[in-house]
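# Secondary and tertiary structure notes
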Amino acid sequence: MPFLFKGKHVMEEKTKMLCITCPKGCTLEVTHAGKTVLKVEGGGCKRGADYAAAELTDPRRMVATTVRVSGGAHPLLPVYTRKPFPKPRIPSLLEKLRQVELHAPVSMGQVVLADALGTGIDIIASRDVGSDGG
Ligand code: SF4
């Protein structure tokens, strides 16, 4: 049913979403007008409302994947985003990381790709990979 919100007639919608902020994984029932949250029910704490607002306006996820390494004891290096990455751009990030090939040795915590796709978010090595010779 439409209602007046900030001087405009808008449609109220209800969306169910799973809060992934902590392991409890609450199912949130979010009432919103477009991207504006009106009410959040079902959350075990108030961070659920923050999650719902972010999910409607700028959804982000941590990304973990692998990149290739040459001359190393292992051919693949696990990597992760230093911060949650904009969800709509994750396929482009994965495509970009498929083109990356590092040369061993690589150290845990090393920046593998700085400022990925201009987001200001670095991609980080999550382990050491020594060179073939040790
Ligand atoms: S609403 Fe609170 S308790 Fe529930 S999953 Fe989100 S952060 Fe955890």
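Attention here is on the structure that accompanies the text. (Residues numbered from 1 in each chain as written. Predicted model: local features only at pLDDT ≥ 70, side-chain atom pairs only at ≥ 80, totals over all residues. Heavy atoms only, no water.)

## Overview of the site of the ligand
Rules: Nearness here has a simple test: a residue counts as near a molecule or strand if at least one of its heavy atoms is within 4 Å of that partner. In this classification, Asp, Glu, Lys and Arg are treated as charged, Ala, Val, Leu, Ile, Met, Phe, Trp, Tyr, Cys and Pro as nonpolar, and every other residue, Gly included, as polar.
Around the ligand sit Cys19, Thr21, Cys22, Lys24, Gly25, Cys26, Gly43, Gly44, Cys45, Arg47 and Gly48, and those are all the residues in its vicinity. In terms of residue class, the shell around the ligand is made up of 4 nonpolar, 5 polar and 2 charged.

## Quick look at the nonpolar core
Here is the rule: In this description, a nonpolar core means a group of buried Ala, Val, Leu, Ile, Met, Phe, Trp, Tyr and Cys residues linked to one another through side-chain atoms lying within 4.5 Å. Accessible area is worked out with a 1.4 Å probe on protein chains only. A residue is then buried under 20% of its type maximum, exposed over 50%, and partly exposed in between. Working definition: helices are DSSP H or I runs of at least four residues, strands are E runs of at least two. Numbering for both runs from the N terminus. Pairs of residues are marked as contacts when any of their non-hydrogen atoms sit within 4.5 Å.
Counting 20 residues, the largest nonpolar core has Val67, Leu77 and Val112 as its most contacted members. Every element with two or more residues in this core is listed here: strand S6 (64-70), strand S7 (76-81), helix H2 (90-98), strand S10 (111-113) and strand S11 (123-125). Looking at this core, the element that brings in the most residues is H2, giving 3 residues. Residues in contact with Leu77, not counting those within four places in the same chain, are Thr65, Thr66, Val67, Val69, Leu102, Val106, Val112, Ala125, Arg127 and Val129.

## Quick notes on the environment of Lys24
Mapped onto the secondary structure, Lys24 falls in the loop between strand S2 (8-18) and strand S3 (27-33). Along the chain, Lys24 and Val40 lie 16 residues apart, while their C-alpha atoms are 16 Å from each other.

## Some thoughts on the environment of Ser126
Where we set the bar: Under the rule applied, a polar contact is a pair of N or O atoms within 3.5 Å (in protein, one hydrogen donor and one hydrogen acceptor; residues adjacent in sequence only if both atoms are side-chain atoms).
Within the secondary structure layout, Ser126 lies in the segment after S11. On the accessibility criterion, Ser126 (30% relative accessible area) is partly exposed. The contacts of Ser126, once residues within four sequence positions are left out, are Pro78, Val79, Tyr80 and Met108. For Ser126, the side chain forms a polar contact with the main-chain oxygen of Pro78, separated by 2.9 Å.

## Thoughts on the side chain of Thr81
Structurally, Thr81 can be placed in strand S7. For Thr81, the side chain forms a polar contact with the main-chain oxygen of Lys83, separated by 3.2 Å. Setting aside residues up to four positions removed in sequence, Thr81 forms contacts with Arg61, Met62, Val63, Leu93, Ile121, Asp122 and Ile123.

## Some remarks on the pattern of salt bridges
Opposite charge on two side chains lets them pair, provided their charged atoms get close. The criterion, for reference: The working definition used for a salt bridge is a side-chain nitrogen of Lys or Arg within 4 Å of a carboxyl oxygen of Asp or Glu.
This structure, assessed with the given rule, holds 5 salt bridges. For Glu55, the salt bridge identified is with Arg61, shortest N-O distance 2.8 Å. Considered together, Glu55 and Arg61 belong to a single accessibility category, that of buried residues. The partner of Glu95 in a salt bridge is Arg98, and the shortest N-O contact between them spans 3.0 Å. Here the residue Glu95 and the residue Arg98 both occupy positions in helix H2, the gap between them amounting to 3 residues, near one helical turn. The class of Glu95 is partly exposed, set by a relative accessible area of 38%.

## Section: the sheet that holds S6
So the rule is basically this: One requirement defines pairing of two strands: DSSP has to find at least two bridges between them. To get an axis, fit a line to the C-alpha atoms, keeping to the stretch in contact for a helix; angles then go from 0 to 180 degrees between the N-to-C directions.
An order of S9-S6-S7-S11-S10 is seen for the 5 strands of this open sheet, with the pairing classed as mixed. Each edge of the open sheet carries a strand with a single partner, namely strand S9 (101-103) and S10. If you compare each strand with its neighbour and ignore which way they point, the axes differ by 45° on average. Where S7 and S11 come together, 3 bridges link them in antiparallel fashion. Within the sheet, the bridge partner assigned to Thr81 lies in S11 and is Ile123. This element, H2, spans S6, S7, S10 and S11 of the sheet and lies at about 15° to S6.

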